[in-house]
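For reference, the chains in residue letters:
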Amino acid sequence: TILLSEEHSDLWRRRASDLGIDDEQVMLCQREARYKPDTMEWRLIVDHLGQQVKQRGVALVVIDTLSAFLPVDDENDSAQASKALAPLRAISDAGAALLLVHHARKSGGQEMTGARGSSAFLSFPDILIELKRANPDDHHDRRRVLTACGRYADIPPESVI
């Protein structure tokens, strides 16, 4: 697994230790810079991830959160979002699954339409999964509802974890 994260590496190392995950299982790529990459830097990052997938036999690449890395000035601009997402196909073409973490709109939305920004964020993935609290009024209830849909017929529509 490769994890590209906007969060500090110390936090992820602590989490990995708590979960019994060692450095051989996860390659952490922390965003050290305090700015988003430009289009050329983004392509270099994605190309590097694709090379790592091939060289190391990586099965999963996680980008958390997508908006921290995409070279997009306006997330609502479909053309910008589509252009920035397109290079990510190279990761799945190299043989890895790609998990993109993206935030919901503040206003929410109907099922599977709650992603912040352009509809390009909803049309790019093969599978969309929304994560919501099982009981939004009870912050002690740790259960979450995963609602999914996508291009494949056998996707479970809803799961509670």
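In this text, all values refer to a predicted model and were calculated from it rather than measured experimentally. (Residues numbered from 1 in each chain as written. Predicted model: local features only at pLDDT ≥ 70, side-chain atom pairs only at ≥ 80, totals over all residues. Heavy atoms only, no water.)

1. Notes on a nonpolar patch on the surface
A cluster of nonpolar side chains, contributed by Ile127, Ile129 and Tyr152, occupies part of the molecular surface with about 310 Å² of accessible area. Mapped onto the fold, tyrosine 152 is located in the loop between strand 6 (144-150) and strand 7 (158-160). You can call tyrosine 152 partly exposed: its relative accessible area is 47%. (Patch = residues over 30% accessible without salt bridge, like charges linked within 9 Å, V, L, I, M, F, W, Y side chains within 5 Å. Areas by Shrake-Rupley, 256 points an atom, 1.4 Å probe, with all protein chains shown as cover. Salt bridge = Lys/Arg side-chain N within 4 Å of Asp/Glu carboxyl O. Helix = DSSP H or I, 4+ residues; strand = E, 2+ residues; numbered from the N terminus. Buried < 20%, exposed > 50% of the residue type's maximum accessible area, 1.4 Å probe, protein only.)

2. Here's the deal with the nonpolar core
Counting residues in each nonpolar core, the largest one holds 26 residues, and the members touching the most others are Val61, Ile63, Leu70, Leu85, Leu88 and Ile91. Contributions of two or more residues to this core are made by strand 1 (2-5), strand 2 (27-30), helix 2 (39-56), strand 3 (60-64), helix 3 (78-85) and helix 5 (120-123). Of all the elements, helix 2 adds the most residues to this core, at 4 residues. Contact partners of isoleucine 91, with chain neighbours within four places excluded, come to Val46, Leu49, Gly50, Val53, Val61, Ala96 and Leu98. (Core = buried A, V, L, I, M, F, W, Y, C linked by side-chain atoms within 4.5 Å. Contact = heavy atoms within 4.5 Å.)

3. Overview of the environment of valine 46
Summarising the element assignment, valine 46 is placed in helix 2. Judged by relative accessible area, which is 0%, valine 46 ranks as buried. Taking the C-alpha atoms as reference, valine 46 lies 18 Å from alanine 120; in sequence the two are 74 residues apart. Look past the residues within four positions of valine 46 in its chain and what remains in contact with it is Pro87, Leu88 and Ile91.

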